[in-house]
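Given next are the chains, with one letter for each unit.
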Amino acid sequence: MTLFDITQELFSSVVYPGDPAPEACELPVSGACAHLSALRMCAHNGTHMDAPRHFLPDGYGIDGIPLEKCVGEALVLDAAGRFGAEDAARLPSGCRRLLLRGGAVPDAAGAEALAARGLW
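Now for a look at the structure at hand. Given the structure is predicted, the values throughout are model-derived calculations rather than measurements.

With that settled, consider the environment of Ala74. Secondary-structure assignment places Ala74 in the loop between strand S2 (36-40) and strand S3 (75-78). Judged by its relative accessible area of 35%, Ala74 falls in the partly exposed class. Considered as a pair, Ala74 and His48 are 26 residues apart in the sequence and their alpha carbons are 16 Å apart. Those residues in contact with Ala74 that sit more than four places away from it in its chain are Arg97 and Leu99.

Within helix H2 (residues 108-116), the full set of buried residues consists of Gly110, Ala113 and Leu114. For H2, the angular spread of buried residues about the axis comes to 100 degrees, placing them on one side. When the buried face of H2 is taken as reference, the exposed residues oriented beyond 90 degrees from it are Ala108, Glu112, Ala115 and Ala116. Along its buried surface, H2 packs onto strand S4 (81-83), helix H1 (85-89) and strand S5 (98-101). A positive backbone phi angle near 80 degrees is found at Gly118, which sits one or two residues after H2.

Calculation rules
Residues numbered from 1 in each chain as written. Predicted model: local features only at pLDDT ≥ 70, side-chain atom pairs only at ≥ 80, totals over all residues. Heavy atoms only, no water. Helix = DSSP H or I, 4+ residues; strand = E, 2+ residues; numbered from the N terminus. Buried < 20%, exposed > 50% of the residue type's maximum accessible area, 1.4 Å probe, protein only. Contact = heavy atoms within 4.5 Å. Arc of directions from axis to C-beta.

Encoded structure:
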């Protein structure tokens, strides 16, 4: 099995318009022998997985996604920019899991097309 690192570097990742950019700062600690830092960011920065609740008022949260749906063979697609319904239509018929790397972002039609195929 080949493992792919699809993580996006947190501080250089694209931030959704209107969301705060991630910030890190060192915390002052008197008398401590360690350095402490704080992180301030939106939950949608960097690598993450959205749940249906993010888009649908009655959708389930991330805790409603069974872990077994997140483990197994997946198609890792290098793509950038908008990922639309036409992109989803070009995926192999046996594709059950899809990992996008390279900054691709599904638009609404792309997300609907992926959901219609039963992809995770």
